[in-house]
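Below are the chains, spelled out letter by letter.
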Amino acid sequence: MNSKVADVKPEVLKAEIGALVSVQSAVGAKTQNAVLDRVGIWTSSICAVHCLLLPILLPLAPLVASSVFAEVWFERMILTFSILVGFAALFVGFHKYHRQLYPLYSLALGGLIYWNKDIFGHEYEPFTIAIGAFLIVAAHVTNMRLCNNCKSCEDKCGSAN
């Protein structure tokens, strides 16, 4: 038997295994949060593409215009899902990693703008949609960057707001 292996004390071995397990759990939590951020980015982007392409599709496909995709409740359902996923992802990032509130502010402002997309009239609706979607996507991208700057859950990467 190797003398170096025989010299290792069980307490040291247990401590090193415990440290490895905690690092693996931190990496797993970051991966889960990154998945939520990516889902939020995709749902916000798909919602924005849907709203921006609908005026182009209306004259080309009257069947699409009268289908469920053109209904206000369908748009609101997609937006609500996007905001809920976004809030979950950003809250996990805030709580476990960076303690920065500005991604949550960006998500809330983007959702509010997006929800009231026709407040300036239908001619400005595409611009309002683009601004709201940009703020939602920016919130997720910022959250991912802030979370990736932290090495583990124990790091104090951000200041408490």
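Residues numbered from 1 in each chain as written. Predicted model: local features only at pLDDT ≥ 70, side-chain atom pairs only at ≥ 80, totals over all residues. Heavy atoms only, no water.

Participant: Any chance you could break down the packing of aromatic side chains for me, citing the residues and the numbers?
Facilitator: To describe a pair of aromatic rings, you give the distance between the ring centres and the angle between the ring planes. Considering all chains together, one arrives at 2 aromatic pairs under this definition. Arranged with centres 6.2 Å apart and planes meeting at 90°, the rings of Trp73 and Phe74 form a pair that is edge-to-face. A residue is classified by how much of its surface remains accessible, and Phe74, at 15% relative accessible area, is buried. Here Arg76 stacks its cationic end above the ring of Trp115, 4.3 Å away from the centre of that ring. Positioned above the aromatic ring of Phe94, the side-chain terminus of Arg99 is 5.6 Å from the ring centre. (Phe/Tyr/Trp six-rings, centres within 6.5 Å; stacked < 30°, edge-to-face > 60°. Buried < 20%, exposed > 50% of the residue type's maximum accessible area, 1.4 Å probe, protein only. Lys NZ or Arg CZ within 6 Å of the ring centre and 35° of its normal.)

Participant: Give me the environment of Gly132: which residues, what numbers.
Facilitator: Tracing the backbone through its elements, the reader meets Gly132 in helix α6 (residues 125-149). Beyond its immediate chain neighbours, meaning those up to four positions away, Gly132 contacts Gly110, Ile113 and Tyr114. (Helix = DSSP H or I, 4+ residues; strand = E, 2+ residues; numbered from the N terminus. Contact = heavy atoms within 4.5 Å.)

Participant: Any chance you could break down the pattern of salt bridges for me, citing the residues and the numbers?
Facilitator: Inspection of the entire model under this criterion finds 2 salt bridges. For Lys117, the salt bridge goes to Glu75, with nearest N and O atoms at 2.2 Å. Of this pair, Lys117 sits in the loop between α5 (102-115) and α6 while Glu75 sits in helix α4 (residues 72-98); the two residues are 42 residues apart in sequence, bridging distant segments of the chain. Judged by its relative accessible area of 12%, Lys117 falls in the buried class. The partner of Glu125 in a salt bridge is Lys117, and the shortest N-O contact between them spans 4.0 Å. (Salt bridge = Lys/Arg side-chain N within 4 Å of Asp/Glu carboxyl O.)

Participant: Any chance you could break down a nonpolar patch on the surface for me, citing the residues and the numbers?
Facilitator: On the surface, a nonpolar cluster with roughly 510 Å² of combined accessible area is contributed by Ile119, Phe120, Tyr124 and Phe127. Within the element layout of this structure, Ile119 appears in the loop between α5 and α6. (Patch = residues over 30% accessible without salt bridge, like charges linked within 9 Å, V, L, I, M, F, W, Y side chains within 5 Å. Areas by Shrake-Rupley, 256 points an atom, 1.4 Å probe, with all protein chains shown as cover.)

Participant: A description of unusual backbone geometry should follow, citing residues and the corresponding values.
Facilitator: A positive phi angle is found at Arg99, which is not glycine, with a value near 60°. Topologically, Arg99 is positioned in the loop between α4 and α5. Of the residues examined, Arg99 reaches a relative accessible area of 32% and is grouped as partly exposed.

Participant: Residues and numbers for the packing of α5 against α6, please.
Facilitator: Running from N to C, α5 and α6 point in directions that differ by 160°, and their axes come no closer than 8 Å. Considered as vectors, α5 and α6 are oriented roughly antiparallel to each other. With respect to the hand of their crossing, α5 and α6 are arranged in left-handed fashion. In this structure, α5 uses Tyr102, Pro103, Ser106, Leu107, Leu109, Gly110, Gly111, Ile113 and Tyr114 to contact α6, whose residues at the interface are Thr128, Ile129, Ile131, Gly132, Ala133, Leu135, Ile136, Ala138, Ala139, Thr142, Asn143 and Leu146. When its residues are assigned to classes, the contact of α5 with α6 shows 14 nonpolar, 7 polar and no charged. (Axes fitted to C-alpha atoms, helices over the stretch in contact; angles between N-to-C directions. Parallel < 35°, antiparallel > 145°, perpendicular 65-115°, else oblique. Left-handed = near helix turned anticlockwise from the far one by under 90°. Nonpolar A, V, L, I, M, F, W, Y, C, P; charged D, E, K, R; others polar.)

Participant: Before we move on, can you summarise the nonpolar core with the specific residues and values?
Facilitator: Leu90 and Tyr114 are the most contacted members of the largest nonpolar core, which has 15 residues in total. Those elements that place two or more of their residues in this core are α2 (10-60), α4, α5 and α6. Among the elements that make up this core, the one with the highest residue count is α4 (5 residues). Leave out the neighbours within four places in its chain, and Tyr114 touches Ser44, Cys47, Ala48, Cys51, Leu79, Ile129, Gly132, Ala133 and Ile136. (Core = buried A, V, L, I, M, F, W, Y, C linked by side-chain atoms within 4.5 Å.)

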